[in-house]
Amino acid sequence: MGDNSNGAGDRERAAQIAIDMIQMGPGWVFFEAGQSQSPVPELPLFLNQTLMGWLKEHPHYRIRATQGIVLGGMTVGLHAWYDIEEAKET
């Protein structure tokens, strides 16, 4: 049978999974599942959603590079290095 979900289950599950953002240094952040949580198959999706939300909150940041952290074949964390664009005068 096909999956007839409308995404509500994903949203409910996402609400149960806390993604931590750790500022590792200037221009470098790390996203991971909260320390008390075990990895779930949807974790890469939630990491991506968190990164995208963070970028929307910081539109002047430009991602330079990313590196996924994989454990047992599952992505469990995401490093992102970024530059901050200076405001352009018009």
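Residues numbered from 1 in each chain as written. Predicted model: local features only at pLDDT ≥ 70, side-chain atom pairs only at ≥ 80, totals over all residues. Heavy atoms only, no water.

(A) Inspection of the pairing of strand 4 (residues 74-84) at higher detail. Pairing between strand 2 (residues 28-33) and strand 4: 5 bridges, direction antiparallel. Looking at the pairing, Phe 31 lines up with Leu 78 of strand 4. Bridge analysis of strand 3 (residues 61-71) against strand 4 gives 10 bridges, and the strand direction is antiparallel. Residue pairing for strand 4: Gln 67 is matched across the bridge by His 79. (Pairing = 2+ DSSP bridges. Helix = DSSP H or I, 4+ residues; strand = E, 2+ residues; numbered from the N terminus.)

(B) Main features of the environment of Pro 26. Locating Pro 26 in the fold gives a position in the loop between strand 1 (19-25) and strand 2. Along the primary structure Pro 26 and Tyr 82 are separated by 56 residues, whereas in three dimensions their C-alpha atoms are 8.7 Å apart.

(C) Region of interest: the pattern of salt bridges. Tallied over the full model, the rule gives 2 salt bridges. Put simply, Arg 62 and Glu 85 hold a salt bridge, and the shortest N to O gap is 3.1 Å. With Arg 62 in strand 3 and Glu 85 in the segment after strand 4, this residue pair connects regions lying 23 residues apart in the sequence. Taking the relative accessible area as the measure of exposure, Glu 85 reaches 37% and is therefore partly exposed. Here Arg 64 makes a salt bridge to Asp 83, at a shortest N to O gap of 3.1 Å. With a gap of 19 residues between them, Arg 64 in strand 3 and Asp 83 in strand 4 connect regions that are remote in the sequence. Judged by its relative accessible area of 52%, Arg 64 is exposed. (Salt bridge = Lys/Arg side-chain N within 4 Å of Asp/Glu carboxyl O. Buried < 20%, exposed > 50% of the residue type's maximum accessible area, 1.4 Å probe, protein only.)

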